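Analysis of the macromolecular model
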Amino acid sequence: MPSFPPTPVASVLAAGAGVVLGAALQLQQAALWPPPGYAALCALGLAAWGLFAILRGRAGGAVPRAALLAGVLVASAGAATSFGATGLRAGWRLAEQLPAGLEGRDMVVVGVVAGLPQRSPDAWRFRFEPESARIGDAALDLPSRLTLGWYATPDGAELPMLRAGQRWQLTLRLKRPHGLSNPQGFDYELYLFEQGVRATGTVRTTRGTANRLLGEAAGQAIDRLRQSVRDAIAARVADPSSAGVLAALAVGDQAAIEREDWALYRNTGVAHLMSISGLHVTMFAWLAGLCVGWLWRRSARAMLACPAPLAARWGGVAAACAYAVFSGWGVPAQRTVVMLATVAMVAAAGLRWSWPLVWTAAMVVVTAIDPWALLQPGFWLSFMAVGLLLASGEVRGLAAAGPRLAPDPARPRWRGILARLRSLLAGGLRTQLVATLGLAPLTLVFFQQLSLVGFVANLVAIPVVTLLVTPLALLGVLLPPLWLPTAWVVERLNDGLQVLAAPAWAVWSVPAAPPWAVACGLFGAALALAPLPWRVRALGLPLLLPLLVPTVVRPAAGAYEMTVVDVGQGTAVLLRTAGHTLLYDTGPQYSREADAGERVLLPLLHALGERGLDLLMLSHRDTDHVGGAAAVLRALPVARLASSLEASHPLLALAGARGVGVVPCEAGQRWVWDGVRFELLHPTAEALLAAERVKTKPNTLSCVLRVSGRWDQQERAVLLTGDLESEQEARLVAARGGALASEVLLVPHHGSKTSSSPAFLDAVAPRVAVVQAGYRNRFGHPAPEVLARYAERGIAVVDSPRCGAWRFGPQGRACWRPQVRRYWHHPDTGYTHNGVEVANPAEPESTD
């Protein structure tokens, strides 16, 4: 009768799979269960573990049952325990959140600056750990960690110098974590949840606020040292690009790397080297282990007390832990330290496990400590890279098994050295090839792009950064003059990367593949890389095709698809027909380092398979409408740019330099794409000419675009209005009347009280009105009286803070946020806005 193997191989693998699966399933929950449900699941899992132990004990180490049944029992026990434990921890973390009643209220908070404050030309961004808080005489209980912004005032007053460890009394206005929600977008709320940040806010600088420094060194000793090192690097290294890389590798300050440099590193596939990652921590542990082992062998007393290999192993783990703490104790560094410690413990326990067991044990421990890491691309890329390299090493070791010949005494020494160097080079090439090809499918799944020059770039960058730049950057803490030659090396490396990134084909982008294509492609990649006969491995290549060349889905002729993108306080609308693409506005510029074009629109366009724009329309010059335009123009081919911008606007110069046709948007312009009709209704040519002579409020020149198509035997029209105000609305009503009628209205000026006049709403008569506004924005959009006008007419209002991106087309109309809701996201119970309770957005519904 088949029995469960007495070795721990199958049980560890089954248990590991169960632990990872249980945590992964819990992370799919939209809302948490009550704690007793998770506790019961944990108890059930522990009972299953106990049953398995009893059965093994009675069988003398082998369960006299089918191996498959025993494996299912172990996997189920691991899954139940992991699911329940993750749910309990999530509940504890969610319990520490800002009470809804404190959102948007001024409060006086005393606390300590934590981490490294980040300075931009007009603001500070920093973490703050409150010690006490009050509103008036009432004491408050706040979350233990906040993310704050301290912005410059319009009068140009100098911002104070923030340093880690300072104790401040600040007047704050807080809100619960809330991020943008778009297809293929970054989950900012998950990022804050994993970091333990349960509220964000701003420092109030109005007259009468009590912002004052209470102490220079109130704690955070390690962070104070890190900031001193960062400042010393910036003072000694003149080149900001090199200084940013050194600061990132020495103290973990990734924000020190310039935006353009990050783009270069991503396009050449070396971005993983420019921040503290598993590779750096592992390499540091390896070097430290070599040093500890060498020193240990020099002492007979030390050798008697502890074997040198054991001392070297734990010395490397201790050094890795110290490096990770000094670099900010980021999540990737934490994972690596846990992995190294797990491997060391397995070896110290005398367990002669094969690499799959050690690899699985490390994954289980990391998942148990940080289950939310399963949602991070870095988790899977790190573990898959290690697994691939271990697997390829195991195969080579088996293939090379056999007696070794003694060295020939007559052979010259230099030939032996040369042969060893050749062997090392061949091994490095093989390792890089295995990692590049093996991780390519996962890279496409997570990022929809792959650097075609990454193999060559990493061959040079990996040894240069890990063996030269990173050690010298750390040694520079003790010997600062070392930073200068290290900076020179970084400059030369950047020069070489610029050459590699120059060709247009350097980066290969693909649309986001559907789930079935992802599963098919990953299975094909695993089959192609498995140690199997080549005829079997070749079967995996066709399975890769749906992932490598996914189908781009577009509307049929006569129809269109509109995505009202969630960009916060700003406007961006994407319109796609069967063969054309139009982008109406590009959202805001969030800061001098970030905008909606780079952060939101480009990832969305790449995921949809859009390789260019047929028309970019900028309604008017306000930065919440054109803030991302420069990034879009630089990154994508754009055929035409239509706008109401003045002739001297820098964006028109940028468009001209890139060969983009520039035209004004004038009322009366009409065109048809693939059976879909487009018509510009505003501004008039006379208004544009007058604006060139006399300064005009930009809102009054907003480009108004009406788009109409047909599906389901009905005409479907949308009206995009920019920041149109009531005076211009009245002129449109007088000129067009009922011809303005549209099923969907993009609410003018984000719902400002200066727009959405009653006559205009009656003329358009929309079924749905979409508000693009930021969560708890400082302008008070949408205004309560405006919402009341829509409610009086029975018009459904959808706003981006609760809906996220909103799609309208032949597939129906739907909000993105409810489709991807998880328990760490902002609750969808509505909120009080300007004293008015705002309801939830409608669930996804059809257009019938």
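Quick caveat: nothing in here was measured; it's all calculated off a predicted structure.

A short note on the sheet that holds strand 19 (residues 714–720)
The strand order across the open sheet formed by seven strands is 16-17-18-19-20-21-22, and the pairing between neighbours is mixed. Strands at the two margins of the open sheet, each flanked by one partner only, are strand 16 (670–673) and strand 22 (796–799). The sheet shows a mean angle of 20° between the axes of neighbouring strands, direction not considered. Across four bridges, strand 16 lies against strand 17 (residues 676–682) in antiparallel orientation. Bridge pairing in strand 17 places Trp671 opposite Phe678.

What to know about the environment of Phe186
Inspection of the secondary structure assignment puts Phe186 in the loop between strand 5 (167–175) and helix 4 (188–195). Spatially, the C-alpha atoms of Phe186 and Val600 are 8.3 Å apart, while their sequence positions differ by 414 residues. With near-sequence residues (within four places) excluded, Phe186 lies in contact with Leu180 and Tyr191.

So, the nonpolar core
Membership of the largest hydrophobic core comes to 40 residues, with the highest contact counts inside it found for Ile233, Leu246, Tyr265, Val270 and Met274. Contributing elements (two or more residues each) for this core: helix 5 (221–236), helix 6 (240–251), helix 7 (259–267), helix 8 (278–296), helix 10 (308–326), helix 11 (331–348), helix 15 (454–475) and helix 16 (483–501). When residues in this core are grouped by element, the largest group, eight residues, is from helix 6. When residues no more than four places from it in sequence are discounted, the contact partners of Met274 are Val245, Ala248, Leu249, Ile257, Trp262, Tyr265, His280, Val465 and Leu493. In terms of nonpolar packing, the next biggest core, distinct from the first, is built from 32 residues, Ala559, Ala642, Val707 and Val718 among them.

Examining the packing of aromatic side chains
For any pair of aromatic rings, geometry is given as the distance between the ring centres together with the angle between the planes. According to the stated counting rule, one finds 24 aromatic pairs in the structure shown. A ring pair is formed by Phe186 and Tyr191, whose centres lie 6.1 Å apart and whose planes are at 50°; its orientation type is tilted. A cation sits over an aromatic face here: Arg93 above Phe193, 5.5 Å from the ring centre. If you follow Arg640 out to its NZ or CZ, it ends over the ring of Trp671, 5.9 Å from the centre.

Section: the confidence of the model for the chain
Regions with low pLDDT should not have their predicted coordinates read in detail. Scored by pLDDT, the chain has a mean of 88; 92% of the residues are at 70 or more. For residues 1–7, every residue scores under 50 in pLDDT, and the model assigns this stretch 21 contacts once sequence neighbours within four places are set aside. Predicted confidence for residues 830–848 stays below pLDDT 50, and this span has 54 contacts to residues more than four positions away or in other chains.

Things to note about the state of the cysteines
Covalently bonding the sulfur atom of one cysteine to the sulfur atom of another cysteine gives a disulfide. A complete count under the given rule lists two disulfides for this structure. Disulfide pairing places Cys665 opposite Cys703 at an S-S distance of 1.8 Å. Taking the sign of the S-S torsion, about -50° here, the bridge from Cys665 to Cys703 comes out left-handed. Here the residue Cys665 occupies a position in the loop between strand 15 (661–664) and strand 16, and Cys703 occupies one in the loop between helix 24 (685–693) and strand 18 (704–711), the gap between them amounting to 38 residues. Residues Cys665 and Cys703 agree in their burial class; the two are buried. Cys803 shares a disulfide with Cys815; S-S distance 2.2 Å. On the sign convention where negative is left-handed, the bridge of Cys803 and Cys815, at about -105° about the S-S bond, is left-handed. Placement of the pair is Cys803 in helix 28 (residues 800–803) and Cys815 in strand 24 (residues 812–815), with a sequence separation of twelve residues.

Some points on the pattern of salt bridges
Under the counting rule described, the total for this entry stands at 31 salt bridges. The closest approach of N and O atoms between Arg716 and Asp712, which form a salt bridge, is 3.7 Å. Residue class for Asp712 comes out partly exposed when judged on its relative accessible area of 35%. We note a salt bridge from Arg731 to Glu727, for which the minimum N-O separation is 2.9 Å.

Description of the pairing of strand 14 (residues 640–643)
Here strand 13 (residues 615–618) runs beside strand 14; their pairing, made up of three bridges, is parallel. Considered in strand 14, the bridge of Met617 is made with Ala642. Sheet topology places strand 14 next to strand 15; four bridges connect them, and they run parallel. When the bridges of strand 15 are listed, Leu641 appears paired with Val662. In this fold, the crossover linking strand 14 to strand 15 by way of helix 23 (residues 650–657) has right-handed handedness.

Considering the side chain of Thr571
Topologically, Thr571 is positioned in the loop between strand 10 (561–564) and strand 11 (573–576). When its relative accessible area of 3% is taken as the criterion, Thr571 is described as buried. Beyond its immediate sequence surroundings of up to four residues, Thr571 is in contact with Tyr584, Asp585, Thr586, Gly587, Asp624, His625, Leu746, His750 and Gln772.

Quick look at the pairing of strand 1 (residues 106–120)
For strand 1, the tally of buried residues reaches twelve of 15 residues, placing the bulk of the element in the interior. The sheet contact formed by strand 1 and strand 5 spans seven bridges and is antiparallel. Bridging from a neighbouring strand, Met107 pairs with Leu172 of strand 5. Sheet analysis places strand 1 next to strand 2 (residues 123–135), joined by ten bridges and oriented antiparallel. When the bridges of strand 2 are listed, Val110 appears paired with Ser132. Counted along the chain from strand 1 to the antiparallel partner strand 2, the turn is two residues long.

Focus: unusual backbone geometry
The peptide bond linking His682 to Pro683 adopts the cis configuration, its omega dihedral lying at 5°. Looking at where Pro683 falls in the secondary structure, it is placed in the loop between strand 17 and helix 24. Going from His781 to Pro782, the amide bond is cis rather than trans, its omega being -5°. For Pro782, the position within the fold is in the loop between strand 21 (768–771) and helix 27 (784–792). The backbone phi angle of Gln184 is positive, close to 65°, even though this residue is not glycine. On the secondary structure map, Gln184 appears in the loop between strand 5 and helix 4.

Some remarks on the sheet that holds strand 12 (residues 581–584)
Strand order in the open sheet made by the eight strands is 15-14-13-12-11-10-23-24, with mixed pairing throughout. Among the strands making up the open sheet, the edge pair consists of strand 15 and strand 24. Neighbouring strand axes in the sheet, compared pairwise and without regard to direction, differ in orientation by 15° on average. Pairing of strand 12 with strand 13, which is carried by three bridges, proceeds in the parallel orientation. Looking across to strand 13, one finds that Tyr584 is bridged to Met617. Of the strands in this sheet, strand 10, strand 11, strand 12 and strand 23 (806–809) touch helix 20 (residues 596–608), which is tilted by about 20° from strand 11.

Side note on the side chain of Glu743
With respect to the helices and strands, Glu743 occurs in the loop between helix 25 (726–736) and strand 20 (744–746). Sequence-distant contacts of Glu743, that is, excluding residues within four places in its chain, are made with Glu715, Arg716, Ala717, Pro766, Arg767, Val768, Phe808 and Arg813.

Conventions used here
Residues numbered from 1 in each chain as written. Predicted model: local features only at pLDDT ≥ 70, side-chain atom pairs only at ≥ 80, totals over all residues. Heavy atoms only, no water. Pairing = 2+ DSSP bridges. Helix = DSSP H or I, 4+ residues; strand = E, 2+ residues; numbered from the N terminus. Axes fitted to C-alpha atoms, helices over the stretch in contact; angles between N-to-C directions. Contact = heavy atoms within 4.5 Å. Core = buried A, V, L, I, M, F, W, Y, C linked by side-chain atoms within 4.5 Å. Buried < 20%, exposed > 50% of the residue type's maximum accessible area, 1.4 Å probe, protein only. Phe/Tyr/Trp six-rings, centres within 6.5 Å; stacked < 30°, edge-to-face > 60°. Lys NZ or Arg CZ within 6 Å of the ring centre and 35° of its normal. pLDDT = per-residue confidence, 0-100. Disulfide = S-S within 2.5 Å. Salt bridge = Lys/Arg side-chain N within 4 Å of Asp/Glu carboxyl O. Right-handed = clockwise from strand over helix to strand, strands pointing away.

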